[in-house]
Amino acid sequence: MQKLLPTSIVGSLPKPSWLAESETLWSPWKLAGDELVEGKQDALRSAVHEQQRAGVDIISDGEQTRQHFVTTFIEHLSGVDFERRETVRIRNRYDASVPTVVGAVSREKPVFVEDARFLRQQTDQPIKWALPGPMTMIDTLYDAHYMSREKLAWEFATILNHEARELEAAGVDIIQFDEPAFNVFFDEVQDWGIAALERAAEGLRAETVVHICYGYGIKANTDWKETLGSEWRQYEESFPLLQRSSIDTISLESQNSRVPLDLIEILRGKKVMLGAIDVATSAVETPDAVAATLRKALEFVDADKLIPSTNCGMAPLPRSVALAKLGALSSGAAIVRGELGGVGS
């Protein structure tokens, strides 16, 4: 993209209240059958319009057609029994009832490709699609078949690669892999996590992103953040490995966090998608606050490699708040773009 400081959301936007319960993760659909199909498309179309109206440059689906960024993908795979539930610790943070891997996992057909084609029809702007990363997928399941986190991760990496290649063929310009687990399982990130991620992205011509954050603005995550001390240095574990990886862009949380911004220097040479919008509060940032965050980041990343974004997904937020935050993101980026004399300022 030619534009300096192109803006993007990371993942989800709140769904309209007629489609699913507002401000709720894993909210059941309020429609069924053909009405649900039509409703999802209407919501996706609306999400595109709202991003464009707010001045967002890289358009995403806002995850309007899925209930959750991980489990919706897994629901479409064979080898996973959603009726057989077990309680596991998610990212060493909270307990959840999850489905069980009971056999060899496989993808019988594309999961998101039709939705991505529909997104492509809605805009001529660059589009981005998010997929769960291999390590985060295995951390959302109970494995009664492979009995090895690494083996299951490699299986998922191959499945994700097939999906990503078909998304690319459907017109997706940027493919993002969500790996919040990279901020928790540091030994596994080094031993096989980066390699599995690269397998998921293997052979893609589309730009690739890995998103590593501290989670949605839900209580389990905010409570965990309070235990991390005055500086959050988890990125120090994965950034050196990612800087040497084949992944094009690293997406991180920044706004209202305790992440030392100088850690971005480790990524020098990579594109950086910087979270300049806090998704854990309903307080809407001012454009000046967003601009201040971006100016600080520019001490450690070249301007032509900085992509202003949200910290994480915004599904749990009130819809009006999320849309206001998008406007602040675009306005803040425009301020700094103007100072830099960038295209489209």
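Everything below is about the structure printed above this text.
Let us look at the structure shown here. Quick caveat, the model's predicted, so the values are computed rather than measured.

The parallel open sheet is built from 7 strands, whose spatial order is β1-β4-β6-β7-β8-β9-β10. If you trace the sheet from one side to the other, it starts and ends with β1 (59-60) and β10 (306-309), each paired once. Relative to strand β6 (residues 174-178), strand β4 (residues 127-132) runs parallel, the two sharing 5 bridges. Opposite proline 132, over in β6, you have aspartate 178 as the bridge partner. Contacts from helix α5 (residues 149-169) reach β4 and β6, with the element oriented near 170° to β4.

Taken as a whole and judged by the stated rule, the model has 21 salt bridges. Two residues, aspartate 57 and lysine 3, come together in a salt bridge whose shortest N-O distance is 2.8 Å. Of this pair, aspartate 57 sits in the loop between α1 (33-54) and β1 while lysine 3 is found in the segment before α1, placing the two residues 54 residues apart along the sequence. Notably, a salt bridge pairs arginine 89 with aspartate 95, separated by 3.2 Å at the nearest N-O pair. Accessibility expressed as a relative area gives 43% for arginine 89, which makes it partly exposed. Overlapping salt bridges, with partners in common, bring together Lys3, Asp57 and Arg337 in one network.

Here the focus is a negative patch on the surface. A contiguous patch of negative charge, built from Glu150, Asp187, Asp191 and Glu237, is present on the exposed surface. Along the chain, the position of glutamate 237 falls in helix α8 (residues 235-243).

Counting across every chain of the model gives 0 disulfides. Cysteine cysteine 312 shares no disulfide, and the gap to the nearest cysteine sulfur, in cysteine 213, comes to 3.5 Å.

Let's shift gears to α5. Given a rise of 1.5 Å per residue, 21 residues ought to cover 30 Å, and the 30 Å separating the end C-alpha atoms of α5 matches this to within 8%. Within α5, burial applies to Leu152, Ala153, Phe156, Ala157, Ile159, Leu160, Asn161, Glu163, Ala164, Leu167 and Glu168. Looking one or two residues past α5, glycine 171 carries a phi angle of roughly 105°, positive in sign.

The 3 strands are arranged β2-β3-β5 in an open sheet whose pairing can be described as mixed. Only two strands of the sheet have a single neighbouring strand rather than two, namely β2 (77-90) and β5 (142-143). Alignment of strand β3 (residues 94-107) against β5, held across 2 bridges, turns out to be parallel. Paired with valine 101 across the bridge in β5 is aspartate 143. Against the sheet, α5 contacts β2, β3 and β5, and its axis sits at roughly 75° relative to β3.

This brings us to the packing of aromatic side chains. Two aromatic rings are characterised by how far apart their centres lie and by the angle between their planes. Scanning the model with the defined rule gives 5 aromatic pairs in all. Each ring, one from phenylalanine 73 and one from phenylalanine 112, has its centre 5.9 Å from the other, and the planes form 40°; the classification is tilted. With a gap of 39 residues between them, phenylalanine 73 in helix α2 (residues 71-75) and phenylalanine 112 in the loop between β3 and α3 (113-122) connect regions that are remote in the sequence. Since its relative accessible area comes to 0%, phenylalanine 73 is described here as buried. The ring centre of phenylalanine 185 lies 4.6 Å from the NZ or CZ of arginine 149, which sits over that ring.

Criteria and cut-off values
Residues numbered from 1 in each chain as written. Predicted model: local features only at pLDDT ≥ 70, side-chain atom pairs only at ≥ 80, totals over all residues. Heavy atoms only, no water. Pairing = 2+ DSSP bridges. Helix = DSSP H or I, 4+ residues; strand = E, 2+ residues; numbered from the N terminus. Contact = heavy atoms within 4.5 Å. Axes fitted to C-alpha atoms, helices over the stretch in contact; angles between N-to-C directions. Salt bridge = Lys/Arg side-chain N within 4 Å of Asp/Glu carboxyl O. Buried < 20%, exposed > 50% of the residue type's maximum accessible area, 1.4 Å probe, protein only. Patch = residues over 30% accessible without salt bridge, like charges linked within 9 Å, V, L, I, M, F, W, Y side chains within 5 Å. Areas by Shrake-Rupley, 256 points an atom, 1.4 Å probe, with all protein chains shown as cover. Lys, Arg positive; Asp, Glu negative; His and termini not counted. Charge placed at Lys NZ, Arg CZ, Asp CG, Glu CD. Disulfide = S-S within 2.5 Å. Expected span 1.5 Å × (residues − 1). Phe/Tyr/Trp six-rings, centres within 6.5 Å; stacked < 30°, edge-to-face > 60°. Lys NZ or Arg CZ within 6 Å of the ring centre and 35° of its normal.

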